[in-house]
Amino acid sequence: MAKTLFEKIWDLHVVEHLDKDSDLLHVDRCYGHDLSGTMAYRMMKKQGYQPLHPELAVSIPDHTLASCPGRGEDSSPVSRAYMPSFRKLSEELGIPMFDLDDTRQGVVHVVGPETGLSLPGMTVICGDSHTCTHGAMGAMAWGVGTSELYHGLATQTIAVRRPKGMRICLEGAMNPTVEAMDIILYLISRFGAGFGTGYAIEYAGSTVLAMEMEERMTICNLTVELGSEYAVIASDEKTFSYLEGREFTPKGLLFDQLKSHAGELLTDADAVFDQEITVDVSLVKPQISWGVSPEQTIGVQEHIPQKPEKGKEDAYQKALAYMELAPGDKLTGLLIQRVFIGSCSNGRLSNLKRVAEIVEGGHVAEGVEAWIVPGSAKVKSQAEELGLHKIFRDAGFLWGEPGCSLCGGCNGEQVKPGDRCVSTTNRNFIGRQGPGARTHLASPSTAALAAIAGRIQDTEKALRGRE
Amino acid sequence: MEKRKVIQSVAAPLLLPNIDTDIIAPMKRILFHGDEIWNYGFEPLRFLDKEARLPNPDFPLNQEKYRGARILLCGENFGCGSSRENAPEAMAGMGIRCVVGTTFGGIFFKNCVNQGILPIKVKKEDFDEMAELSRQGKEMIVDLEEQKITLATGREICFSIEERQKYMLMEGLDNVGITLEKKGRILDFEQKDREARPWVYLPITKAKGDGGNI
């Protein structure tokens, strides 16, 4: 019978059928971060269990760490509270850790792919909803709660209900001023934040094939904001050349075996999806969110809708009030106080290179505090080898230490109440970046332009003007 | 975990779409008050002044009519966002035993079961009828064993739930104990799988730079 990529990975991992919709699946990788990892490890200790295969799990701190230059464990009250316990529990449970001083430390969803830990055909779980990012490697990867992470660690399995299948084909050449972030924000605004609920989404089509691995990761990362827990992209030559030579990528014969295994995990030509859509991305323009859900997004040049969608009247009014905006407002020209560039969405080297091109020779506007935080220690050192940190610092940006930083404010760092922040992260929820903070999600280019101008810019016009 | 069989209660309607888990369990409170997260459940909606804990009269669970409600009627895509299990934990601590909606955030839906909350998906028209009855302050009965909801009008609505989730909720069990009874089967699977995909089992503890050259 013809199968999709997702179904093939699923079927390879079935340890036992549980009921008509659910299976007990083998888990190949369990990632624990300093918040949900600590909570899951505590749960495990309390119940008196040990991980079945601690050597297939890894602890990576990212959420609670301060991002100020030269930070230590004590630089944030949150990491001071969580890190000792995270480290001690990891040790007691035998789980290896990429600690603060490790060159492999970083945001879990940046580190997994870049170290070669997340490989095509694997099942990957982490107590974090953006685990779908690793789907860009051709893996089945999804976020779980602490009870499920604890279950995964204790049994190396997880009970899962089989989702429906959806394929989104992206076709056409991307406008040169548009980034992967704009494409996925566009999809969320067009289809809605609940659109993918109950589905595993496979991205395919000429645009996806043409994308670099880091762009694919951005697309998969924000798929949970489209409502789906799973995003997956078939592995191809780009995947293998990205993986080759990385620390945990298998070497020699094993790498050849992995490639031929992954080659079999492609969606069959006659496989059937429960839903299939094709989107022409050649017309997509730079995007920016105006409200408090990622679906409340418009083109940077557009106006906020005059009227809410049916059934969303309250949500629309609440969003406008929180963001201090009015129906029909334009966002371009709006004064901003903060810019944050980084996170598991857009904190990789290609993102930083793009920002450097824009800000080189310019300076952050007066009254704006702008941060660039690399997604991992490796991204940081690569960027510094290229001298990007000098460009950023000369332009008045803070060049931070790797971690989740301002994305969720889990480390105590916040945007002040009422301040407006253009952020390359994935959530603009009420209070996400701090109580009363107003978040506008956008691409690294749009964020960089806003930092320099002190106002939200028309990305297309500004970039064209530079040519 | 407490056993759940029949839940009879008024259903409190929280009908805003896309209520995310940041709202249900604010991060700042998780970090420093994680052991009593229920005190801060829905904080941005529940209080007019968070520090003074001044109740917001618009928040259904603050209203006399819905005081002590054990069932929550949830707007579209309820529980989207972060995977934090503190969200259903907070709700459980506030007395919620059952959530009913048309669509839920997928991770939240599963986390509910692990926190002893029965999550139920229903059709839009059934949901709208429940919302109307709840506005009138009418009770409903959720029978997990029979998998049906009985409305105040007497109309019955069946719902589906995965067998293992039903079992967990009915018996108040921890999933890990159940799965570990199958350890032999898991190890058998791995033995075969090691031959097919040996790279999966290379320990992450291997020395740096070695990369599993076996």
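Conventions we followed
Residues numbered from 1 in each chain as written. Chains lettered and ligands numbered in written order. Predicted model: local features only at pLDDT ≥ 70, side-chain atom pairs only at ≥ 80, totals over all residues. Heavy atoms only, no water. Helix = DSSP H or I, 4+ residues; strand = E, 2+ residues; numbered from the N terminus. Rg over C-alpha atoms; globule rule 2.2 N^0.38 Å. Buried < 20%, exposed > 50% of the residue type's maximum accessible area, 1.4 Å probe, protein only. Salt bridge = Lys/Arg side-chain N within 4 Å of Asp/Glu carboxyl O. Contact = heavy atoms within 4.5 Å. Pairing = 2+ DSSP bridges. Axes fitted to C-alpha atoms, helices over the stretch in contact; angles between N-to-C directions. Phe/Tyr/Trp six-rings, centres within 6.5 Å; stacked < 30°, edge-to-face > 60°. Lys NZ or Arg CZ within 6 Å of the ring centre and 35° of its normal. Domains from an automatic or database assignment. Buried area = accessible area lost by both parts, 1.4 Å probe. Polar contact = N/O pair within 3.5 Å; in protein donor to acceptor, adjacent residues only side chain to side chain. Nonpolar A, V, L, I, M, F, W, Y, C, P; charged D, E, K, R; others polar.

Topic: the overall build of chain A
Here's step 1: Helix and strand content of chain A: 17 helices and 18 strands.
Here's step 2: In terms of overall size, chain A behaves like a compact globule, its C-alpha atoms giving a radius of gyration of 21 Å where 467 residues would be expected to give roughly 23 Å.
Here's step 3: The C-alpha extent of chain A, read off along each of the three principal axes, is 55 × 55 × 45 Å.
Here's step 4: Within chain A, the fraction of its 467 residues that count as buried is 68%.

Digging into the pattern of salt bridges
When the charged atoms of two side chains with opposite charge come close together, those side chains can pair.
Here's step 1: This structure, assessed with the given rule, holds 40 salt bridges over all chains.
Here's step 2: Between Lys312 of chain A and Glu295 of chain A there is a salt bridge, and its shortest N-O distance comes to 2.9 Å. Of the two residues, Lys312 of chain A is situated in the loop between strand S13 (297-299) and helix H11 (313-323) and Glu295 of chain A in the loop between strand S12 (287-289) and S13; the sequence distance between them amounts to 17 residues. Judged on exposure class, the residue Lys312 of chain A and its partner Glu295 of chain A are both buried.
Here's step 3: Linking Glu76 of chain B and Lys312 of chain A is a salt bridge whose minimum nitrogen-to-oxygen distance equals 3.8 Å. Taken together, the positions of Glu76 of chain B in the loop between strand S4 (71-74) and helix H4 (86-93) and Lys312 of chain A in the loop between S13 and H11 put the pair across two chains.
Here's step 4: Judged by relative accessible area, which is 39%, Glu76 of chain B ranks as partly exposed.
Here's step 5: For Lys312 of chain A, a relative accessible area of 12% gives the class buried.
Here's step 6: Within this structure, Lys20, Asp21 and Arg161 of chain A together with Glu162 and Arg164 of chain B form a network of salt bridges that share partners.

A look at the environment of Glu295 of chain A
Here's step 1: Residue Glu295 of chain A is classed as buried on the basis of its relative accessible area of 13%.
Here's step 2: With 128 residues separating them along the chain, Glu295 of chain A and Arg167 of chain A place their C-alpha atoms 20 Å apart.
Here's step 3: With residues near it in sequence (within four places) discarded, Glu295 of chain A still touches Ile188, Ser189, Gly192, Ala193 and Lys312 of chain A together with Asn18 of chain B.

A few points about the sheet that holds S4 of chain B
Residue and element names in this part refer to chain B.
Here's step 1: Reading across from one edge, S6-S5-S4-S1-S7-S8-S9 is the order of the seven strands in this open sheet, with mixed pairing throughout. Each edge of the open sheet is held by one strand with a lone partner, namely strand S6 (118-121) and strand S9 (156-158). Pairwise comparison of adjacent strand axes, ignoring direction, gives a mean angle of 30° for this sheet.
Here's step 2: The pairing of strand S8 (residues 148-150) with S9 spans three bridges and is antiparallel. What sits directly across from Lys148, in S9, is Cys158.

Here we look at the packing of aromatic side chains
Here's step 1: As enumerated under the stated definition, the model contains 16 aromatic pairs over all chains in all.
Here's step 2: Between the aromatic rings of Phe104 of chain B and Phe109 of chain B, the centroid separation amounts to 5.5 Å while the plane-to-plane angle is 45°, which identifies the pairing as tilted. For the residue pair Phe104 of chain B and Phe109 of chain B, the accessibility class agrees, reading buried in each case.
Here's step 3: Each member of the aromatic cluster is reached from another via a ring pair, and the members are Phe42, Phe59, Phe78, Phe104, Phe108 and Phe109 of chain B.
Here's step 4: One cation-aromatic arrangement involves Arg246 of chain A over Tyr242 of chain A; the distance from NZ or CZ to the ring centre is 3.9 Å.
Here's step 5: Between the NZ or CZ atom of Arg338 of chain A and the centre of the ring of Trp371 of chain A, over which it lies, the distance is 4.9 Å.

Examining the domain arrangement of chain B
Here's step 1: Domain boundaries in chain B define domain 1 (6-172) and domain 2 (182-214).
Here's step 2: Its C-alpha centre places domain 1 of chain B at a distance of 41 Å from the equivalent point of domain 2 of chain B.

A closer look at the sheet that holds strand S11 (residues 275-280) of chain A
Residue and element names in this part refer to chain A.
Here's step 1: One open sheet holds the four strands; their spatial order is S10-S9-S8-S11, and the pairing between them is parallel. Each having just a single partner strand, strand S10 (230-232) and S11 make up the two edges of the open sheet. Strand-to-strand, the axes of this sheet are offset by a mean angle of 20°, without reference to chain direction.
Here's step 2: In this structure, strand S9 (residues 199-204) lies alongside S10, joined through three bridges in parallel fashion. The partner of Glu202 across the bridge, within S10, is Val232.
Here's step 3: Here helix H6 (residues 180-191) sits on the sheet in contact with strand S8 (164-171), S9 and S11, set at roughly 125° to S11.

What to know about the interface of chain A and chain B
Here's step 1: Across the contact, 82 residues belong to chain A and 59 residues belong to chain B.
Here's step 2: Between chain A and chain B the total buried area reaches about 5,800 Å² when both faces are included, carbon and sulfur atoms providing 62% of it.
Here's step 3: Counting across the interface, chain A meets chain B through seven salt bridges.
Here's step 4: Where Asp22 of chain B meets Arg432 of chain A, a salt bridge forms, and the shortest distance between an N and an O atom there is 3.3 Å.
Here's step 5: Linking chain A with chain B are 25 residue pairs in polar contact (both at pLDDT 80 or more).
Here's step 6: Ranked by residue count, the leading element in the side of chain A that touches chain B is helix H5 (residues 146-155) of chain A, at seven residues.
Here's step 7: Residues of the side of chain A that touches chain B, tallied by class, amount to 37 nonpolar, 27 polar and 18 charged.

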